[in-house]
Amino acid sequence: MQNFRDVCEKVFLHSTFTSHYLCLSGGKFFYRNSYKKNICIDMLQQGYHKSFAELFTLIEKWNALREAAGPGSAIWLEKSLEEQPDKLDQLHYFLTRAEAAQRSENYEEVYSNQLNLAYCFNKTEDRWLRNYFYEQCYKTAQLIKIDGGRKEAEAHSNMGLVYEEQGHFLKAVEHYEAFYNLTVGRTWKDNTGRNLNSLACEHLWRIYTLLADKMLANKEPQEAIRTLTKALKMAEEGEKEIIFLFKWPPSYLCLKRSQRPSFSPRAFFIIFMLFSCFHMFLIICNCPDLLGNLINQIVLGVDNYTIISI
């Protein structure tokens, strides 16, 4: 009898990795559907065929990512979507609501449900799901024509974030610039009360700086200068407190603005070129007083700036 129970337990444990459970009742075996299968059946019975197909595709994508990563990878040790009821519930709820809204061509509601799904999967291990739904939001936002382009602007911001995290800086720039252009002159604010155009300036300031660092690493100083000038413009327009961080190992120079200054692009060019010169760089780094005097001569309204680290 004990051996029979052991066999049943092994069969049950093995069956948890399939689409159904094998159970024992009254000496007879019968099948119980998995949670995933019940959700899929519910979707189909209610006529949500698109939601069913999308859920199935996402599960298959997770399995493909896991196989590609291979044993020993972080994703290999994680549970699949079909083994996480909470996530299946969220997908079922918002996917079906989005499909219902799409049938009535209520694209704002479609967008809202897709965005909620993106927010549901913001943990590191779920970023691929978040990115997928950000992409869906971006596609849906193109169909919304009654909000003046606000949701399209938000979608560009989110796609910029996706590409920035993936290291695709040029693609991120395209989306952040579109975000900026759509918010110029608007008073739109996010959920925290932050002005969207100010946020766009911050995104562009950051991505231009990252892109310039990459250009310098690739020995493209002229392109880096042009890109850094764009970063400066965005920092000024967005009233960014930290104007710029010059990075040349082993020292750093950061100019911090205490008030809104008159910082001309020409002055920026001069400072940048001085730091591009290796010998001048050594002299400046060894003589902080000389550095301060030099900036006094170059920057108009120097009282608005403070050297905070060298």
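Reading the values: rules and limits
Residues numbered from 1 in each chain as written. Predicted model: local features only at pLDDT ≥ 70, side-chain atom pairs only at ≥ 80, totals over all residues. Heavy atoms only, no water. Helix = DSSP H or I, 4+ residues; strand = E, 2+ residues; numbered from the N terminus. Expected span 1.5 Å × (residues − 1). Buried < 20%, exposed > 50% of the residue type's maximum accessible area, 1.4 Å probe, protein only. Contact = heavy atoms within 4.5 Å. Axes fitted to C-alpha atoms, helices over the stretch in contact; angles between N-to-C directions. Parallel < 35°, antiparallel > 145°, perpendicular 65-115°, else oblique. Left-handed = near helix turned anticlockwise from the far one by under 90°. Core = buried A, V, L, I, M, F, W, Y, C linked by side-chain atoms within 4.5 Å. Phe/Tyr/Trp six-rings, centres within 6.5 Å; stacked < 30°, edge-to-face > 60°. Lys NZ or Arg CZ within 6 Å of the ring centre and 35° of its normal.

## A short note on helix H7 (residues 150–165)
Move 1: Look at H7: 23 Å from first C-alpha to last across 16 residues, which is about the 22 Å you get at 1.5 Å a residue.
Move 2: Taken as a whole, H7 has its buried residues at Lys151, Ala153, Ala155, His156, Ser157, Asn158, Met159, Gly160, Val162, Tyr163 and Glu164.
Move 3: Along its buried surface, H7 packs onto helix H5 (107–120), helix H6 (127–141), helix H8 (169–183) and helix H9 (196–217).
Move 4: Gly167, located one to two residues past H7, shows a positive phi value of around 85°.

## A closer look at the packing of H9 against helix H10 (residues 221–237)
Axes are the key here: two packed helices are described by the angle between their axes and the distance separating the axes.
Move 1: With their axes 8 Å apart at the nearest point, H9 and H10 run at an angle of 160° to one another. Here H9 lies roughly antiparallel to H10, going by the angle between them. For the crossing formed where H9 meets H10, the hand is left-handed. Facing Asn197, Cys201, Leu204, Trp205, Tyr208, Thr209, Leu211, Ala212, Met215 and Leu216 of H9, the residues of H10 in contact are Pro221, Glu223, Ala224, Thr227, Leu228, Lys230, Ala231, Met234, Ala235 and Glu237.

## Digging into unusual backbone geometry
Move 1: Positive phi values are uncommon outside glycine, yet Glu105 reaches one of about 60°.
Move 2: As for its placement among the helices and strands, Glu105 is situated in the loop between helix H4 (85–103) and H5.
Move 3: With phi around 60°, Lys219 is a residue other than glycine that occupies positive phi space.

## Notes on the packing of H7 against H8
Move 1: Here H7 crosses H8 at 160°, and the two axes come no closer than 8 Å. Compared by their axis directions, H7 and H8 come out roughly antiparallel. The crossing of H7 and H8 is left-handed. Seen from H7, the contacting residues are Glu152, Ala153, His156, Ser157, Met159, Gly160, Leu161, Tyr163 and Glu164; seen from H8, they are Phe169, Lys171, Ala172, His175, Tyr176, Ala178, Phe179, Leu182 and Thr183.

## Some thoughts on the nonpolar core
Move 1: Of all hydrophobic cores here, the largest spans 55 residues; its most connected members are Leu55, Leu58, Leu91, Phe133 and Ile207.
Move 2: Setting aside chain neighbours within four positions, we find Leu91 in contact with Met43, Leu55, Leu58, Leu81, Thr96, Leu117, Phe121 and Phe133.

## Re the packing of aromatic side chains
Pairs of aromatic rings are described using the distance from one ring centre to the other and the angle between the two planes.
Move 1: Taken as a whole and judged by the stated rule, the model has four aromatic pairs.
Move 2: Seen in terms of ring centroids, Phe121 and Phe133 are 6.4 Å apart; in terms of plane orientation they differ by 15°. Their pairing is stacked. Pair noted here: Phe121 is in the loop between H5 and H6 and Phe133 is in helix H6, with a separation of twelve residues, a long-range link.
Move 3: We note Arg66 situated over the ring of Trp76; from NZ or CZ to the ring centre the distance is 3.9 Å.

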